[in-house]
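In case you want the letters, here they are:
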Amino acid sequence: MPRAQIKDEKKYQKLRDKGESKEKAARIANASAGQGGRKVGRKGGKNPSYDDWTKDDLMKRAREIGIEGRSSMNKSQLVKALRDH
């Protein structure tokens, strides 16, 4: 049964099958439904790579998006958690 908040159910299911989180799959599926897959694929952030961020900045970002267990993570674990979110 399609969900009202998911605009491209097929893409959402593909992403979930690949192991993406529900939130990330929904963001991608909705963006590609509105703008087209190619345009979304080319769209990129302006921020530097997480590898270039300080641990304090990574910690702040992890707090913003609600990553649990962040206080006991080292920098590389924070980077991985942020990328996998």
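Going by the annotation in an unreviewed UniProt entry, the name recorded for the protein chain is Rho termination factor, with Actinomadura nitritigenes given as the source organism.

Caption draft 1: Main features of the overall build of the protein chain. When you go through the protein chain residue by residue, the secondary structure sums to five helices and zero strands. Ordering the α and β elements of the protein chain from the N terminus gives α-α-α-α-α. Within the span of the protein chain, comprising 85 residues, buried residues form 26% of the whole. At a minimum sequence separation of 6, the contacts of the protein chain that also span at least 24 residues come to 27%. Accessible surface, the protein chain: about 6,500 Å² in total, of which carbon and sulfur atoms supply 47%.

Caption draft 2: Molecular detail of the packing of helix α4 (residues 55-65) against helix α5 (residues 75-84). One way to put it is that α4 packs onto α5 with a least axis distance of 10 Å and a crossing angle of 35°. As α4 runs across α5, the sense of the crossing is left-handed. Taking contact as the criterion, the partners of K55, L58, M59, R61, A62 and I65 in α4 are, on α5, K75, L78, V79 and L82. Across the contact of α4 with α5, the residue classes break down as seven nonpolar, no polar and three charged.

Caption draft 3: Main features of the nonpolar core. Grouped together as the largest cluster of nonpolar side chains are 11 residues: Y50, W53, L58, M59, A62, I67, M73, L78, V79, A81 and L82. Elements supplying a minimum of two residues to this core: α4 and α5. With four residues, α5 is the single largest residue contributor to this core. Counting residues in each nonpolar core, the second largest holds six residues, with I6, L15, A25 and A26 among its members.

Caption draft 4: Main features of α5. Burial in α5 covers these residues: L78, V79, A81 and L82. In a view along the axis of α5, the buried residues occupy a sector of 165°, so they form one face of it. Pointing more than 90 degrees away from the buried face of α5 are the exposed residues S76 and K80. Buried positions along α5 lie against α4.

Caption draft 5: Spotlight on the packing of aromatic side chains. Counting across every chain of the model gives one aromatic pair. With a centroid separation of 4.9 Å and 80° between ring planes, the pair formed by Y50 and W53 is classed as edge-to-face.

Caption draft 6: Region of the structure containing the confidence of the model for the protein chain. Per-residue confidence for the protein chain gives a mean pLDDT of 81; residues scoring 70 or more make up 78%. Per-residue pLDDT, averaged within each element of the protein chain, yields its smallest value for helix α3 (residues 37-42) (55) and its largest for α4 (94).

What counts, and where the lines are drawn
Residues numbered from 1 in each chain as written. Predicted model: local features only at pLDDT ≥ 70, side-chain atom pairs only at ≥ 80, totals over all residues. Heavy atoms only, no water. Helix = DSSP H or I, 4+ residues; strand = E, 2+ residues; numbered from the N terminus. Buried < 20%, exposed > 50% of the residue type's maximum accessible area, 1.4 Å probe, protein only. Contact = heavy atoms within 4.5 Å. Areas by Shrake-Rupley, 256 points an atom, 1.4 Å probe, with all protein chains shown as cover. Axes fitted to C-alpha atoms, helices over the stretch in contact; angles between N-to-C directions. Left-handed = near helix turned anticlockwise from the far one by under 90°. Nonpolar A, V, L, I, M, F, W, Y, C, P; charged D, E, K, R; others polar. Core = buried A, V, L, I, M, F, W, Y, C linked by side-chain atoms within 4.5 Å. Arc of directions from axis to C-beta. Phe/Tyr/Trp six-rings, centres within 6.5 Å; stacked < 30°, edge-to-face > 60°. pLDDT = per-residue confidence, 0-100.

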